[in-house]
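Structural characterization, general
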Amino acid sequence: MKRRSFLQGAAAGSLTLFFSGLAEAAPVVAPRPGDYPQDFNAFLKIGADGRIGCFVGKVELGQGIMTALAVLVAEELEVDPAQVDMLMGDTDLCPWDNATGGSLTMWQTAPALRGAAAEARAVLLGMAARTLGAAPADLALQDGLIWVKAAPSRKVSFGDLVKGRRLERHLGRVRPKPLAACTRIGKPAPRKDALAKLTGAARYVGDLRLPGTLHACILRPPAHGLTLAQADTAAAEAVPGVRIVRDGTLLAVLHAQPDTARKALALVKGTFQGAEPAVDGDTLYAHLAAKAGAALVVTSARGDLAGGERRASEVLEAEYRNAYESHATLEPHVAVAQWSKGRMTVWASTQNPFRIREDVAKAIGAGARDVRVISQFVGGGFGGKLVGPEAVEAARIARLVPETPVQLAWNREEDFFLDTFRPAAVVKIRAGLDKAGGVTFWDCQAAGVNQGEAEFAYDIPVQRYRAAFVPGLHPLPTGAWRAPSAHTNAFARECHLDMLAAKAGIDPVTFRRRLADDARVLHLLDLVLERSGWDPAPGPSGQGIGIACGAWRQAFVAVAAQVKVDRATGEVRVERVVEAVDVGLVVNPDGARQQVEGAVTMGVGQALAGEVRFKGGRILDRNFDTYRIPRFSWIPRIEVILADRPDMPSQGIGEPPVVPVAAAIANAVFDATGARVAQVPLTPARVLEALAAAGKK
């Protein structure tokens, strides 16, 4: 089978051209729901032409896993990664998997896939041994051929061995190749999706044009907390070709042309009922602190807090805040759904196809087996597409117009209004210093986020962490973002450490080195210092350089940021970022570096501008004219250091690099000016306010 045929078949939702029958193409069901199958056939199919089909439930979001996972398969089967055809996120054809989020792919999926490829290699060698009349140990394989080492002319191809059939022999767990024998892992690999994306050939859900498609636009309430009560649709229904459908509070206008559907929607007069939240941007943090305050529980504690405070010669207390943030993906939420012959098919821009399958099935009263979700390329997710309300809406509408494909594409206003924002938060920290600059106690409480990654690899003998779990705490819908709790907690922790270091008259790197109790963190600090050439001095030194550390699961990050601050306008310009990342074994260094550069870019935007303004239930920022994301002119010189650790399991790299960026920038602003900005984003107004408060203006 040609690669083009494979991809065309995949796009059409059928691989029957590849395999002898649909049953062979169907996924192997895991022994337990929510688990990976043990049968390697679930992940791998070898075609009659020797090409390798790789099936995974993950999705390519631009993070490069299409390439990294292909490298792992290619490594075990000794083929070029270009010979591995990836099919991702199709719930009918791919084995179940968790969401593509939380940096789970390299942590969870990669070991399962690599193990499957290792077993397939062993099975192929066994088949070749019988065919060639030689022991498996006397065989070599490369580029889809297996031959006798002592007689290379005696050879057989993968395709001739398998002939497109399913491999029935199983060997159980087979250890992957030792790293010393690997030739592809750890080497740069060209991205498999690059050419399609560079040439515009890559297909996103918004590109789908199924015959007979109707485009849907939904009547939205003007504010959160309100739902549709009544609607006058007479004027819209008078537009030729328009159809109106309603399912409870969901009212949609359908037309063959999307712009006509949108214009007709504007003719619908709706009335809404309910109550908006009585909170806005000015009262938000007091609201969070008050509502969470009474529900704080200790999540972690050790040592005698009162004793630690008695030993302190100075106690420093501060409050740190961050705003709600949008995911601001360039591709808005889009889905196509079609109800046909008792099955719902949904083409989705999603990070979580198997979760969407469940949500759609529940919404339309069907079983999960009656729903198929086909993932396409995703134009940015960042946690905002772990749930798929647009897919559920499209399916509900499609259920009302059988056999007709329905495309629902949120416009930018809907994308901002209906986003599940990064949670706003308030973190309060009290900490004590002794006369030698040691930290005698650390008392931290968070409202709005949990205590995820609040504790770092710092040896502070006396510490307490508290957080509140209050249903309905947030006035706006919130959800996943790139490690939102870790990000919030790192900002508070690393800013507070910087303040303690300044109080102690110790430079911020030495202060952290005294506390760090993990050799990996110390190594990262060394790497950052060496690359940056920075000679740290007690702050504020006037150099405008700040440092911060962060973690996400077993990954560590250290980052130094250099800034310039305009004291007249409050504008902060980030000039240089040096970030060292330890995510264990790095499969594709090019891909990992790109991930870090993207994370730093997003972190700069988050630190300087990321804030959703709202009043009650009304979102005031509904497009990029007021919601600012980094422009090219904002991007600093970014230097990435990958502390390759082949002795450590691979960790994901989606979340870790973004975690400490805002803290490093805030610390750099302090180092430049002596003014502490304790709220993200560091807007010019907040910088000016901090300068005035510090008497530095």
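Residues numbered from 1 in each chain as written. Predicted model: local features only at pLDDT ≥ 70, side-chain atom pairs only at ≥ 80, totals over all residues. Heavy atoms only, no water.

Here the focus is the nonpolar core. Generally speaking, nonpolar side chains in soluble globular proteins are found buried as a group. In terms of nonpolar packing, the biggest core is built from 87 residues, with W442, L500, F511, V563 and I665 touching the most fellow members. Beyond its immediate stretch of four places on either side in the chain, V563 contacts G544, V572, R573, V574, E575, I665, A668, V669 and A672. Judged by nonpolar contacts, the second largest core, of 53 residues, contains L44, A70, M127 and I146. (Core = buried A, V, L, I, M, F, W, Y, C linked by side-chain atoms within 4.5 Å. Buried < 20%, exposed > 50% of the residue type's maximum accessible area, 1.4 Å probe, protein only. Contact = heavy atoms within 4.5 Å.)

Bringing empty space enclosed by the protein into the picture now. Under the defined criterion, the tally for this structure stands at 5 cavities of 30 Å³ or more. Here the second largest cavity defines a volume of roughly 60 Å³. Forming the walls of the second largest cavity are D498, A501, A502, I506, P508, G539, I545, N667, F670 and D671. When contributions to the lining of the second largest cavity are tallied by element, the ones reaching two or more residues are helix 14 (484-504) and helix 18 (661-673). Partitioned by chemical class, the residues of the lining of the second largest cavity number 6 nonpolar, 2 polar and 2 charged. (1 Å grid on protein atoms, 1.4 Å probe; cavity = no way out; pocket = protein on both sides within 12 Å on 5 of 7 lines; lining within 4 Å. Points joined across faces, edges and corners; volume = space filled by probe spheres on them. Helix = DSSP H or I, 4+ residues; strand = E, 2+ residues; numbered from the N terminus. Nonpolar A, V, L, I, M, F, W, Y, C, P; charged D, E, K, R; others polar.)

Using the criterion set out here, one finds 47 salt bridges in the structure. Notably, a salt bridge pairs D193 with K197, separated by 2.9 Å at the nearest N-O pair. Classification of D193 by relative accessible area gives buried; the value is 2%. One salt bridge in this structure joins R430 and E317, with 3.3 Å as the shortest N-O distance. You can see R430 sitting in strand 18 (residues 425-433) and its partner E317 sitting in strand 13 (residues 314-322), a full 113 residues away along the chain. The exposure class assigned to E317 is exposed, which follows from its relative accessible area of 53%. (Salt bridge = Lys/Arg side-chain N within 4 Å of Asp/Glu carboxyl O.)

Turning to the sheet that holds strand 26 (residues 637-642), a few remarks are in order. The strand order 21-22-23-26 describes an open sheet built from 4 strands, whose pairing is mixed. The sheet terminates laterally at strand 21 (545-552) and strand 26, the two strands that pair on one side only. Mean inter-strand twist for the sheet, computed between neighbouring axes without regard to direction, equals 15°. Where strand 21 and strand 22 (residues 555-565) come together, 8 bridges link them in antiparallel fashion. Within strand 22, the position partnered with C549 by the bridge is A558. (Pairing = 2+ DSSP bridges. Axes fitted to C-alpha atoms, helices over the stretch in contact; angles between N-to-C directions.)

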